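This is what each chain is made of:
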Amino acid sequence: MVRDALGVGVAVGLSGFAFGVTSAGGGLGIWQTCALSLLVFTGASQFALVGALAAGGNPLTAAAGAFFLGVRNAFYGLRLSQLLALPRAVRPFAAHWVIDETTAVTLAQPGRRSARLGFAVTGLSLYLLWNLTTWLGAAGAEALGDTAAWGLDAAGPAVFLALLAPMLRTATERAVAALAVVLGLGLLPVLPTGVPVLAAALAAPAVLFLKGAGPRKAAREDKDKRDRQAEQAAREQREAGEKEDR
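Residues numbered from 1 in each chain as written. Predicted model: local features only at pLDDT ≥ 70, side-chain atom pairs only at ≥ 80, totals over all residues. Heavy atoms only, no water.

Student: Can you help me understand the side chain of Thr 106 in this one?
Tutor: Relative to the elements of secondary structure, Thr 106 occurs in helix 8 (residues 100-107). Take Thr 106: its relative accessible area is 0%, and that puts it in the buried class. Within polar-contact distance, the side chain of Thr 106 engages the backbone oxygen of Thr 102 at 2.6 Å. Sequence-distant contacts of Thr 106, that is, excluding residues within four places in its chain, are made with Leu 80, Leu 83, Leu 84, Ala 115 and Phe 119. (Helix = DSSP H or I, 4+ residues; strand = E, 2+ residues; numbered from the N terminus. Buried < 20%, exposed > 50% of the residue type's maximum accessible area, 1.4 Å probe, protein only. Polar contact = N/O pair within 3.5 Å; in protein donor to acceptor, adjacent residues only side chain to side chain. Contact = heavy atoms within 4.5 Å.)

Here's what the structure looks like:
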């Protein structure tokens, strides 16, 4: 388990280099880039922010898109808080490490003790390596020249998708992911930078609404059928009573 946790921490932590290069190439300074990794520490949101800023997007819109992309960590926290049951004094520090990778490793463990160890090893190794490689990438960005030519800005989203894909087990989850991709990519040409990410968040309520529409319709039809049957039975009973009276 420790080996697996370290493997995830090292493999994903190395992509911090790509973030550092992308951020510096997008116009952010070294210390701004390092501050994002130290304080935000959620790769997909960091890439979304610097990508939107590099494309000339409004800073507020870029920040909003990154924020909503990072909201998923709050839902991870609800699940992990029950599984880990950490002391109150530790929870604020542990919350900073609630990300895709630590959640994936923690949920794969059979018991609370191994879950805590997996969370700690993954979080610590990833945090240290991510911040170190962020600094190295930002410091060495000038030596690489045109950072866009390297395609490093795709590293973060690729890692996020690689972690997300195995978690899409049900048809509903896959439908939400597919609709989010369609909305995000389809709206890129017509909306300002950063806004398509926000629009993609509408995929979940849209799919859930459509999923519930079928059962609601079936329930209404079933109720109407029962009402008609009850009305028919009452009518037949009245007619039978009338015949007996005659």
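Moving on from the coordinates now.
Student: For this particular structure, what's the right way to read the nonpolar core?
Tutor: When a protein is soluble and globular, its nonpolar side chains tend to lie buried together. Counting residues in each nonpolar core, the largest one holds 26 residues, and the members touching the most others are Phe 19, Leu 36, Phe 41, Leu 84, Phe 119, Leu 126 and Trp 130. Looking at this core, the elements with two or more residues in it are helix 2 (16-25), helix 4 (43-54), helix 5 (59-70), helix 6 (72-84) and helix 9 (112-139). Sort the elements by how many residues they give to this core and helix 9 lands first, with five residues. Each residue touching Phe 41, except ones within four places of it in the same chain, is listed here: Leu 36, Gln 46, His 96, Trp 97, Ile 99, Gly 123, Leu 126, Tyr 127 and Trp 130. (Core = buried A, V, L, I, M, F, W, Y, C linked by side-chain atoms within 4.5 Å.)

Student: Help me out: how do you make sense of a nonpolar patch on the surface in this one?
Tutor: On the surface, a nonpolar cluster with roughly 630 Å² of combined accessible area is contributed by Phe 17, Ile 30, Trp 31, Leu 132, Trp 135 and Leu 136. Counting residues per element, the ones that place at least two in the nonpolar patch are helix 3 (30-39) and helix 9. It is helix 9 that provides the largest number of residues to the nonpolar patch, a total of three residues. (Patch = residues over 30% accessible without salt bridge, like charges linked within 9 Å, V, L, I, M, F, W, Y side chains within 5 Å. Areas by Shrake-Rupley, 256 points an atom, 1.4 Å probe, with all protein chains shown as cover. Salt bridge = Lys/Arg side-chain N within 4 Å of Asp/Glu carboxyl O.)

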